[in-house]
Amino acid sequence: MQPFTERAIEIIKSIPPGRVMTYGQIARLAGNPFGARQVSWLLHSMSRVHKLPWHRIINAKGEISYTGSEQREMLEMEGVIFTKNGKVDLHTYQWLPELTRTLEEE
DNA sequence: TGAATGACAACCC
DNA sequence: CGGGTTGCCATTC
């Protein structure tokens, strides 16, 4: 298992409810600036054994990629509001592990 | 071993 | 803003 994978998993697991992250964001934090695709691969591959909040991972456009799942509903259930375009306001809901506690304290 | 694929991203038109 | 193209990386056939 590569460090990238482990770190990515750690990051994903650290995403609190009602928050989302983009593939690229995770990839960079995990050490692979261009590993956005590996994150997606990682997700549907590892989510089987690991209990990862895969539904909190969306693309850079703030939209759901894997339509055909209940991802959207799951997020809405956690308090994420979708625009009429079916997108998420990243500026509001994107999770930033770097800053954390300071900003997100309500 | 080489080619194709993927729950993406950035860029260009 | 939408659609098409290119780039990057790891996995699978």
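It should be emphasised that the depicted structure is a prediction, and the values quoted were computed from it without experimental measurement.

Conventions adopted
Residues numbered from 1 in each chain as written. Chains lettered and ligands numbered in written order. Predicted model: local features only at pLDDT ≥ 70, side-chain atom pairs only at ≥ 80, totals over all residues. Heavy atoms only, no water. Near = heavy atom within 4 Å. Polar contact = N/O pair within 3.5 Å; in protein donor to acceptor, adjacent residues only side chain to side chain. Helix = DSSP H or I, 4+ residues; strand = E, 2+ residues; numbered from the N terminus. Nonpolar A, V, L, I, M, F, W, Y, C, P; charged D, E, K, R; others polar. Salt bridge = Lys/Arg side-chain N within 4 Å of Asp/Glu carboxyl O. Buried < 20%, exposed > 50% of the residue type's maximum accessible area, 1.4 Å probe, protein only. Axes fitted to C-alpha atoms, helices over the stretch in contact; angles between N-to-C directions. Parallel < 35°, antiparallel > 145°, perpendicular 65-115°, else oblique. Left-handed = near helix turned anticlockwise from the far one by under 90°. Contact = heavy atoms within 4.5 Å.

1. Considerations on the protein's contact with DNA strand B
At step 1: Around DNA strand B, 13 residues are found, and the nearest of them are Tyr23, Arg37, Trp54, Asn59 and Ala60.
At step 2: When the atoms of DNA strand B within 4 Å of the protein are grouped by moiety, sugar and phosphate amount to 38% of the total.
At step 3: Within the side chain of Arg37, an N or O atom sits 2.9 Å from a base nitrogen of DNA strand B.
At step 4: Of all the elements in the fold, those that place two or more residues in the surface near DNA strand B are helix 2 (23-30) and helix 3 (36-46).
At step 5: The leading source of residues in the surface near DNA strand B is helix 3, at 5 residues.
At step 6: Here the residues of the surface near DNA strand B sort into 5 nonpolar, 7 polar and 1 charged.

2. A word on the protein's contact with DNA strand C
At step 1: Close to DNA strand C lie Gln2, Phe34, Arg37, Gln38 and Trp41, which account for all nearby residues.
At step 2: The protein-proximal atoms of DNA strand C, defined as those within 4 Å of the protein, are 64% sugar or phosphate.
At step 3: Arg37 has a polar side-chain atom sitting 2.5 Å from a base nitrogen of DNA strand C.
At step 4: Between Gln38 and DNA strand C, the recorded distance is 2.2 Å, taken from a side-chain N or O atom to a base oxygen.
At step 5: Taken together, the residues that form the surface near DNA strand C break down as 2 nonpolar, 2 polar and 1 charged.

3. Some remarks on the pattern of salt bridges
At step 1: Scanning the model with the defined rule gives 2 salt bridges in all.
At step 2: Note that Lys13 and Glu10 form a salt bridge whose closest N and O atoms lie 3.6 Å from each other. Highlighted residues: Lys13 and Glu10, both in helix 1 (residues 3-13), separated by 3 residues, approximately one helical turn.
At step 3: For Lys13, a relative accessible area of 48% corresponds to the partly exposed category.
At step 4: Residue Glu10 is classed as partly exposed on the basis of its relative accessible area, which comes to 48%.
At step 5: Of the charged contacts in the structure, one is a salt bridge between Arg56 and Glu78, with a shortest N-O distance of 2.9 Å. Of this pair, Arg56 sits in the loop between helix 3 and strand 2 (57-58) while Glu78 sits in the loop between helix 4 (71-77) and helix 5 (90-93); the two residues are 22 residues apart in sequence, bridging distant segments of the chain.
At step 6: Taking relative accessible area as the criterion, Glu78 reaches 24% and is therefore assigned partly exposed.

4. Some remarks on the environment of Phe82
At step 1: Following the sequence through the fold, Phe82 ends up in the loop between helix 4 and helix 5.
At step 2: For the pair Phe82 and Arg72, spaced 10 residues apart in sequence, the C-alpha separation works out to 8.2 Å.

5. A look at the packing of helix 1 against helix 2
At step 1: At a minimum axis separation of 8 Å, helix 1 and helix 2 run at an interaxial angle of 125°. The orientation of helix 1 relative to helix 2 falls into the category oblique. In this structure, the crossing between helix 1 and helix 2 has a hand that is right-handed. Along its contact with helix 1, which presents Phe4, Arg7, Ala8, Ile11 and Ile12, the element helix 2 presents Ile26, Ala27, Leu29 and Ala30.
At step 2: The class makeup of the residues in the contact of helix 1 with helix 2 is 8 nonpolar, no polar and 1 charged.

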